[in-house]
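One letter stands for each residue in the lines below.
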Amino acid sequence: MTNVAGLASNRGRNLLHVADRQPGGADLAVVVSNHADAPVLDAAEERGIPTEVVERGDDESRREHERRVVDALDGYDADLVCLDGYMRILSEAFLDSVPATLNVHPSLLPAFPGSDAHEQVLDAGVSVTGCTVHVVTNAVADDGSVRSEDVDAGPIVTQEAVPVFDDDDRDSLKERVLYDAEFQAYPRAIRWFAEGDLEVDGSDVTVTADDADGFGERRVTGTTRADGLRYGENPHQDAAVYRDDTCEEASVVHADQHNEGAKALSYNNYNDADAALNLIKEFEEPAAAVIKHTNPAGCATADTLADAYSDALSTDAKSAFGGIVALNRECDAETAERVADSFKEVVVAPDYTDDALDVLTEKSNLRVLSVGREARSVSEQASGDEPRALGEVTETVTEKPLVGGRLVQERDTWAPEADDLEVVTEREPTDDELETMLFAWRTLKHVKSNGILFADGTETVGLGVGQVSRVDAVELAAKKADRDAEGKDADGAVMASDAFFPFPDGIEAAAEAGVEAVIQPGGSKNDDEVVEAADEHGMAMVFTGHRSFRHD
């Protein structure tokens, strides 16, 4: 365990935060103050942390006082000294007698060193400030005077940025720098030290923590508030939408709304429209999807965009009511007429013909979004002949906020080609079934787990989404296909599963519904039984070797 000795002159909120969090298992072994009435002392004692008071005498020199502080630390076996608002400039008398010493300064050094950093920031009119964790170095001359050029000039360990708002004053900026920057950066540096990722040798600082397989130790992102929203997922929740202006990919946040008189997008509209847009980016052929609560109510590809939309809608027109439509080609008048035929909340497309806009903007409650020029490849823009299709996927990671943190992962861009599929049944899939399998998998990636999808040709037939039992998901997909699909059913369909079947019961339920071929990841300890069940029903089954969970 790493023992930390803390020095503070006042409240010591960073030290108390470290004591509560114990980054890297580090333990705040003692708190020393040069003021007997410093609030940090009582707060430390409440946590059972030993405290020491070493006040400077009226006739005591700086170095004499520092030697007494060193004596006070004796016996606590400190591995690291951390300053937190310790209002004394330190000399070699202290620094040469203790382990590595760190301080956190409330600005992005080397800008605004010394005291009154927040006032300096506000006076300078900068738009970004933050904090710096740095190694404390000697800033005291031989005669005991302070060398101002050496104050807060030690090697930088880590920094954290925060914006400066137009209405900030010293107090508001100080609080935000503390909570949003210092409470991030100081524990990070201490954790690095405790885990051996930070080495301090005099003025040499080595940080090895960023060797993290593509996911750096720090995740620094900047976004700008694009708009306030009427409310969040529910009316009692406030919300806003932020935009990332580094994003080069077609995005609903960056989309133009053509019917400006219509009401603005809601939180749920943004969420569902993003899900719809991400789904149709899977396809090069004309594709359409209808989304409800981030799940596909239907998806299809076809020779024309209008037919793709009709095929997608016919999967579950009832659930599609009030949903989100996404198209991966420029929307023409025929497609627009079909979209406008029933109530939809939002339609998203790369662009629209003038006739299509005339049709769609007549619907006062339909928001019409264009993802614009980013949706065309360079070759398409140059030729001027190709219809506008969605461009390259460039955002490589996704993240999910959690209470107290966030998850970050690579984006799931994998989808099988025919050569990737392992046939595991006696019957091989037909060419038509293979085509459907590949379509089904690309759509299934966007279905909430447990997810089951029935497809015929390149259109969905029935979906079982978000179930806690895989066999329930199969039965739901069959029920939706038989009850809600228009002009199609599960008879002869292909079934796709986002994870392996743990038991043969899912295959039995699919066979009862009329499914004749299955694409699934494989990998269950009961794979042999599952394949045997498929063989008994004359099904073709392939394994992808990959699953496609979607849990949010």
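Residues numbered from 1 in each chain as written. Predicted model: local features only at pLDDT ≥ 70, side-chain atom pairs only at ≥ 80, totals over all residues. Heavy atoms only, no water.

Asker: Sorry, what's going on with the overall build of the chain here?
Answerer: Secondary structure assignment for the chain yields 16 helices and 25 strands. In terms of overall dimensions, the chain is more spread out than a globule: its C-alpha atoms have a radius of gyration of 31 Å, far above the 24 Å expected for 552 residues. The principal-axis extent of the C-alpha atoms belonging to the chain is close to 95 × 55 × 45 Å. Relative to its 552 residues, the chain shows a buried fraction of 50%. Taking contacts inside the chain between residues at least 6 apart in sequence as the whole, the part at least 24 apart equals 56%. Accessible area for the chain stands at about 26300 Å²; split by element, carbon and sulfur atoms hold 42% of it. Here the chain holds 48 positive side-chain charges and 115 negative ones, and the gap between their average locations is 5 Å. (Helix = DSSP H or I, 4+ residues; strand = E, 2+ residues; numbered from the N terminus. Rg over C-alpha atoms; globule rule 2.2 N^0.38 Å. Buried < 20%, exposed > 50% of the residue type's maximum accessible area, 1.4 Å probe, protein only. Contact = heavy atoms within 4.5 Å. Areas by Shrake-Rupley, 256 points an atom, 1.4 Å probe, with all protein chains shown as cover. Lys, Arg positive; Asp, Glu negative; His and termini not counted. Charge placed at Lys NZ, Arg CZ, Asp CG, Glu CD.)

Asker: Where do I start with the layout of surface pockets in this structure?
Answerer: Space inside the second largest pocket adds up to approximately 1000 Å³. Contributing to the lining of the second largest pocket are 40 residues, with Gly 85, Tyr 86, Met 87, Val 104 and Pro 106 lying nearest its centre. Mapped onto the lining of the second largest pocket, the elements with two or more residues apiece are α1 (13–21), β4 (80–84), β5 (101–105), α5 (117–124), β6 (128–135) and α6 (170–194). If one sorts the elements of the lining of the second largest pocket by residue count, α6 sits on top with five residues. A per-class count over the lining of the second largest pocket returns 15 nonpolar, 13 polar and twelve charged. (1 Å grid on protein atoms, 1.4 Å probe; cavity = no way out; pocket = protein on both sides within 12 Å on 5 of 7 lines; lining within 4 Å. Points joined across faces, edges and corners; volume = space filled by probe spheres on them. Nonpolar A, V, L, I, M, F, W, Y, C, P; charged D, E, K, R; others polar.)

Asker: It is not clear to me how the pattern of salt bridges should be interpreted in this structure. Could you clarify?
Answerer: Note on pairing: side chains with opposite charge can pair once their charged atoms come close. Tallying each qualifying case throughout the model produces 27 salt bridges. For Glu 282, the salt bridge identified is with Arg 442, shortest N-O distance 3.2 Å. Pair noted here: Glu 282 is in the loop between α7 (267–280) and β13 (287–292) and Arg 442 is in helix α13 (residues 431–444), with a separation of 160 residues, a long-range link. Here Glu 282 falls in the buried class, since its relative accessible area comes to 14%. A single salt-bridge network, built from bridges that share partners, covers Asp 316, Lys 318, Lys 480, Arg 483 and Asp 484. (Salt bridge = Lys/Arg side-chain N within 4 Å of Asp/Glu carboxyl O.)

Asker: I'm lost on the pairing of β5 in this one. Help?
Answerer: In the case of a regular strand, side chains alternate between the two sheet surfaces. Burial analysis of β5 places five of its five residues in the buried class, which makes it a mostly covered element. Alternating positions in β5 separate into two faces, Thr 101, Asn 103 and His 105 on one and Leu 102 and Val 104 on the other, with burial throughout. As paired strands, β4 and β5 are joined by three bridges and run parallel to one another. Residue pairing across strands places Cys 82 opposite Leu 102, the latter belonging to β5. (Pairing = 2+ DSSP bridges.)

Asker: Would you mind going over the environment of His 236 with me for this structure?
Answerer: Here His 236 is to be found in the loop between β10 (224–229) and β11 (239–243). Each C-alpha atom, one on His 236 and one on Glu 149, is 53 Å from the other, the two residues being 87 residues apart in sequence.

Asker: What's the story with a negative patch on the surface in this structure? I'm lost.
Answerer: Taken together, Asp 472, Glu 475, Asp 505, Glu 508, Glu 512, Asp 528, Glu 529, Glu 532 and Glu 536 make up a surface patch of like negative charges. Of all the elements in the fold, those that place two or more residues in the negative patch are α14 (470–484), α15 (505–513) and α16 (527–536). Looking at the negative patch, the element that brings in the most residues is α16, giving four residues. Relative to the helices and strands, Glu 508 is located in helix α15. Since its relative accessible area comes to 34%, Glu 508 is described here as partly exposed. (Patch = residues over 30% accessible without salt bridge, like charges linked within 9 Å, V, L, I, M, F, W, Y side chains within 5 Å.)

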